[in-house]
Every structure is written in structure tokens, then in C-alpha cells.
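Structure at a glance
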Amino acid sequence: MIIIENDEIILSTDNGRVFMTIKKERYNLKKVDELTRNHPRLKILDFMAVKKAVESGSHEPIELGAWIDSMELEISSDKMQAFLTIYESPKFIQDNLENLQMNIHKLLQDNRIIFGQRSLDLMSIKTGKSYIIAEGLPPEKGANAKITYLQQAEKTPVINDDGKADYFDMNFLVEISEGSWLGEKIPAQQGVPGKNIFGEIVPPIMGDDSLLKYDTKSAYEVEEEGKTVLRSKTKGVIGELNGVLTVQKHLVIDGDVGLETGNLKFDGSIQVRGTVMAGYSIIASGDISIDSNEGVHAAELIKSTEGDVFIKGGIFGKGITTIEAHQNIFVKHANECTLEAKDTIQIGAYSLGATIFCDKLVVDERKGKIIGGKAIAINSISTAYSGNNSERKTELVVQGIDRKILTENAKTKAQEMMKLQEETTKLNFSLSQLNQFKSSMSVQQVALYEQTKQKYNETKRKVKELDEEIQRILKMLRQTSDYFIDIKREANPGTVIQIGNKSSYLTKQTKGKFKLENGELNV
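Analysis parameters
Residues numbered from 1 in each chain as written. Predicted model: local features only at pLDDT ≥ 70, side-chain atom pairs only at ≥ 80, totals over all residues. Heavy atoms only, no water. Helix = DSSP H or I, 4+ residues; strand = E, 2+ residues; numbered from the N terminus. Rg over C-alpha atoms; globule rule 2.2 N^0.38 Å. Buried < 20%, exposed > 50% of the residue type's maximum accessible area, 1.4 Å probe, protein only. Contact = heavy atoms within 4.5 Å. Areas by Shrake-Rupley, 256 points an atom, 1.4 Å probe, with all protein chains shown as cover. Polar contact = N/O pair within 3.5 Å; in protein donor to acceptor, adjacent residues only side chain to side chain. Phe/Tyr/Trp six-rings, centres within 6.5 Å; stacked < 30°, edge-to-face > 60°. Lys NZ or Arg CZ within 6 Å of the ring centre and 35° of its normal. Pairing = 2+ DSSP bridges. Axes fitted to C-alpha atoms, helices over the stretch in contact; angles between N-to-C directions. Salt bridge = Lys/Arg side-chain N within 4 Å of Asp/Glu carboxyl O. Expected span 1.5 Å × (residues − 1). Patch = residues over 30% accessible without salt bridge, like charges linked within 9 Å, V, L, I, M, F, W, Y side chains within 5 Å. Lys, Arg positive; Asp, Glu negative; His and termini not counted. Charge placed at Lys NZ, Arg CZ, Asp CG, Glu CD.

Considering the overall build of the protein chain
A count of helices and strands for the protein chain gives 6 helices and 42 strands. A compact globule built from 523 residues would reach a C-alpha radius of gyration of about 24 Å, whereas the protein chain, at 40 Å, exceeds it by more than 25%. Counting only C-alpha atoms and orienting by the principal axes, one finds that the protein chain spans roughly 120 × 75 × 55 Å. Residues counted as buried form 41% of the 523 residues belonging to the protein chain. For the protein chain, long-range pairs separated by at least 24 residues make up 41% of all intrachain contacts whose partners lie at least 6 apart in sequence. Of the accessible surface of the protein chain, which amounts to about 29300 Å², a share of 48% is contributed by carbon and sulfur atoms.

What follows is the structure, given as C-alpha cells:
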């Protein structure tokens, strides 16, 4: 079939192959390029062969390439879209609008595309560019599973109408009874079906599922009214351990910890409605709350190995009392005592002659005072006043962190934890093997079993402690390095300001936010 014939060339097609016969001397490649632009359906497959034939001046038929279809239809792999590409010149399209529309309709019909067809403005399309000619209706995703938990106590001071923080009124513990509602999951919902371009139904998309995270020893799931409800297996206090909801054992002392109770050591939370008498101690794995308005007088040790410590009435330590918390300490005032927490220590009124170690120290920023003693924090110290008119020496130290040392420390601990985890796996296997013969064991074998069990539990405890320490280090590494000491109202002479290895002894009254600027203290 002849496509074009003039005094220069004959362009013809045979079974989709395109041939060109040169009739006139000096026919050049520029004219071949013009030929391809005027005939978009012409696709040159071997340009170097064409170049060689044109330059030789041969009058024999030259195979230029292929004569492609007037239009091409491409269907997406998900059957949701069809793309149409027209390979005709703008003039051809303008002169053959009706025929092209009929061809498009037939092309869709031949390919069984019956849904979501679109009309094209043929006068504005570009040759060789793909356009969406049909589009299906995508399925809708259903609602994701929705999880709600019982809120834990907000361990922050209540703010009164006058804007003051009331450290006497903190909702520190949330007590629950057996069978109490702890949370629920509304299941993921089915979405709405769609339809592809062939008119076929596309299944709906299920919403994302989520798991209730809880300690299976203290809570259980039950189906209620189309929801999965989480309920408590026991009475206690709501807590969280490694991101998992748990119900901790809860010991309530209605009076004081003293002669009648002796020293207390408890795996869970302790709430003392009285005080802790001089010389007595409390050690608990969970939160400790001392609710007496009179506070604590010369108690020996109050320590939470996994939680927080709250002392409503403050501390009169007489140089004896030590308070330790795995996380935070909340106290109204601290007199001649030692406070140590891995996270924040929050003091409502004042610290007098106390020794403090923490990540962040916050003393009431309107009236709070740090007088005497030494406060060492990793990240920041905030207070309204420091020192006093008598120029009592008051040391405020923000250490900051050495990221390189901490990173190496985390790596070392991670390696140690991996070794312990391997040991735990081996011990667990040994226990499972021994357990099969427990009923027929000799006295010596029972002793070996108990020793293995004890070692297994101790190794698990070490793994947990290492993991918590690694997470604490990683948290520190993620924090910004804006270390500061902020004294809002009055920093008296006798105050020592130290950040990192830079320190300054104040000889006159000042105030402000002290930090390192260009490697030096801005005091």
C-alpha cells in the first residue's frame, strides 16, 4: 500500500513493514526526520541502516521500520484503568474526527471495556501521549480497628484556677477491681466494593487490624456486643511495663509504715495513707505513694525499682533519707535528703540542703527554691530562685552527655544482652526437658531443677534490666543537646552554675537561662 508518492520518494507499507524508494538525488537524513514527524505512525527501527542507504544514494527500496496502528490501548495490571495513545498527526485527527471516535468506540468494545469510559477532546490531544480512556471505581477501605485503653493516672500536679500547681492533689494511682474494664477493640470494618473497567466487582478492602497489648497474666479478652473487651483478672492498680498494659499488685497501708508493719518489700505498687516513720524503709517494684500531709521524717529508704515515687507532704531527711525511683519523683519539698531518679524530679516548693541526681529537675518556676546542697541533672534544671541572701553555697550542675561514650555503652550492653538471651533459651530448653521427669526425680535431681529454674529467672531479670538501660540510653541520644540551667527570678551569690566542664561561681545577684554559647557559659 502506497502511503505517499512524490517526485522525491515513494513510501509504502507491506504487512506492517515500511519501505522507502528514493527517486531523486541528494535526498538527505533531514528529510527523513521530517518524514517521521509528518507521519507519527512511522517508527524507524534501524536508523544506522537507513543513514547508510540514504548516504549511498541507492534507488532500491529501503526498509525504514514499522507502520504501527493508528491507536494503541493499554490496560493496567489491576484492570482499573485503560490508556489510549493516538499515533496520528494533528491534521489527520482534525480531518477524521468522526472516524476516530468510531474507532475508539470499537477498540473499547473489542477489548470488552464497558465501565468507566471517558470521552476525549480529540482536538486538544497530543500525538503519542497516553490518555486515560476508562477508569474503574476503586474499592473503599473499611475503618481500621479502634483500640481504647483505660487511662492511667496523670502524674502531674493539678493546676488551680489561679494557675498555681497543687502538689497536694495528684491522681497518682488508678485502683481497679477484678473484672474491671481495662480497654476494648472495635474490630476493623469491611469496606465498600469497587468495579473495574470490565464491569467486574472488585472486593472491598478490610480496615487494618490492631492487637490489644496487655499482660496475659493480669488481663483477659472477652467478646461483648461486637467488641473485644479487655478485663482485669485481679484487683490492683493500672500500669504499663515496656509498652504493655498490666494490672500490678497493689498494697494499701491505711496507717504508717513503722513498728506495726516493719520494713516493706513488695512486688507491686504501695500506697501509704500515713507516713514512713524514722528509720523504716519501703522497696517496691511498682509506684509508691506516700499520702500523708506531714510527709516523711528521717525514713531510711523509699525505692521504686520500676516506677515512680510520690510524696505528698515532702521530706525532712535529717541527712538520712534516700528516695530512689526508676522513673520519676514527685515531692512537695526536700530537706537534707538524697533524691535519685532516672527521669524527672519535680519539686513543688523547695529543696534545702538536698543532694539530687536526675535527668531533668523542675522546681516550681514561680516560687520554687533550691538552697544549698547539690543538684546534678543530665539535661536541665529549672527553678525560680537559687541560693539565699546568706550566700549559701548551692551547686547546680548540668552534665550533658558524651554521645560517643553512650553509643559505645549501648553497643556493649546490647552484646551482653544477646549472650544472656542465648543463655536464657538454653536454660528454658533444659527446664522443659527436666519438667517431663519432675514427678520421678530424686532429691538431687529436684535440687538441680530448682537451681536451673532460679538461674533462668535471674538471667531473665538481667535481660530485662539491660533492655531498659539500652532504651534509656537511646532515649538520651535522641534528645536535643540544648542543655541549660534556668533561674527565672533570682540567682543569689554563692550559686555555682556548671554545664559540662564549664562552671561559674556567682558573686552578684542575677537571673536567666544559662547555657553554653560558643563553648563558654553565658553567665
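Once you've had a look at it, read on.
Observations concerning the side chain of Ser-269
By secondary structure assignment, the location of Ser-269 is in strand 22 (residues 269–272). One polar contact links the side chain of Ser-269 to the main-chain amide nitrogen of Asp-287, over a distance of 3.3 Å. Residue contacts for Ser-269: discarding those within four places in its chain leaves Val-237, Gln-248, Lys-249, His-250, Leu-251, Gly-286 and Asp-287.

Overview of the packing of aromatic side chains
Counting across every chain of the model gives 0 aromatic pairs. The ring of Phe-198 is capped by Arg-112, whose NZ or CZ atom sits 5.2 Å from the centre of that ring. Over the face of the ring belonging to Tyr-385 we find Lys-369, whose NZ or CZ atom lies 5.7 Å from the ring centre.

Re the environment of Asn-388
With respect to the element layout, Asn-388 can be found in the loop between strand 35 (374–386) and strand 36 (394–398). The class for Asn-388 is partly exposed, based on a relative accessible area of 22%. In sequence terms Asn-388 and Gly-372 are 16 residues apart; their C-alpha atoms lie 8.5 Å from each other. Apart from the residues lying within four places of it in its own chain, the contact partners of Asn-388 are Ile-371, Asn-492 and Pro-493.

Quick notes on the sheet that holds strand 3 (residues 17–22)
Overall, antiparallel pairing links the 5 strands, which are arranged 1-2-3-5-4 in an open sheet. Of all strands in the sheet, those with a lone pairing partner are strand 1 (2–5) and strand 4 (42–44), marking the two edges. Mean inter-strand twist for the sheet, computed between neighbouring axes without regard to direction, equals 30 degrees. Each of strand 2 (9–14), strand 3, strand 4 and strand 5 (62–67) touches helix 1 (residues 29–38); the most contacted strand, strand 4, lies at about 140 degrees to it.

Notes on the sheet that holds strand 6 (residues 71–75)
As summarised here, the arrangement of the 3 strands in space is 6-7-8, forming an open sheet in which the pairing is antiparallel. The open sheet has two edge strands, strand 6 and strand 8 (130–135), and neither has a second partner. Strand-to-strand twist across the sheet, computed as the mean angle between neighbouring axes with direction ignored, equals 25 degrees. Where strand 7 (residues 81–86) lies against strand 8, 5 bridges are found, and the strand directions are antiparallel. The partner of Leu-84 across the bridge, within strand 8, is Tyr-131. Helix 4 (residues 97–110) rests against strand 6, strand 7 and strand 8 of the sheet, and its axis sits at about 30 degrees to strand 6.

A closer look at the pairing of strand 5
When you tally the buried positions in strand 5, you get 5 out of 6 residues, the bulk of the element. Of the pairings in the sheet, the one linking strand 3 to strand 5 comprises 4 bridges and is antiparallel in character. Bridged to Phe-19 within strand 5 is Glu-63. Bridging between strand 4 and strand 5 involves 3 bridges; their strand directions are antiparallel. Bridging from a neighbouring strand, Lys-43 pairs with Ala-66 of strand 5.

Focus: the pattern of salt bridges
Close approach of charged atoms allows side chains with opposite charge to pair. Scanning all chains against the criterion turns up 19 salt bridges. As a salt-bridge pair, Lys-303 and Glu-324 come within 3.7 Å of each other at their nearest N and O atoms. With Lys-303 in strand 26 (residues 301–304) and Glu-324 in strand 29 (residues 322–325), this pair connects stretches of sequence that are 21 residues apart. Lys-303 sits in the partly exposed class, given a relative accessible area of 28%. Between Glu-469 and Lys-342 there is a salt bridge whose closest N-O contact spans 3.5 Å. Within this pair, whereas Glu-469 is found in helix 6 (residues 443–478), its partner Lys-342 is found in the loop between strand 31 (338–341) and strand 32 (344–352), the two being separated by 127 residues in sequence. Several salt bridges share partner residues, and in doing so they unite Glu-458, Arg-461 and Glu-465 into one network.

Focus: helix 6
Between its first and last C-alpha atoms helix 6 spans 53 Å; for 36 residues at 1.5 Å apiece the expected length is 52 Å, and the two agree. All of the buried residues in helix 6 are Tyr-449, Thr-452, Tyr-456, Thr-459, Val-463, Leu-466, Glu-468, Glu-469, Ile-470, Ile-473 and Met-476.

Observations regarding a positive patch on the surface
On the surface, a cluster of positive charge is contributed by Arg-366, Lys-367, Arg-489 and Lys-511. Position of Lys-367 among the secondary structure elements: in the loop between strand 33 (355–363) and strand 34 (369–371). By relative accessible area, which is 53% here, Lys-367 ends up exposed.

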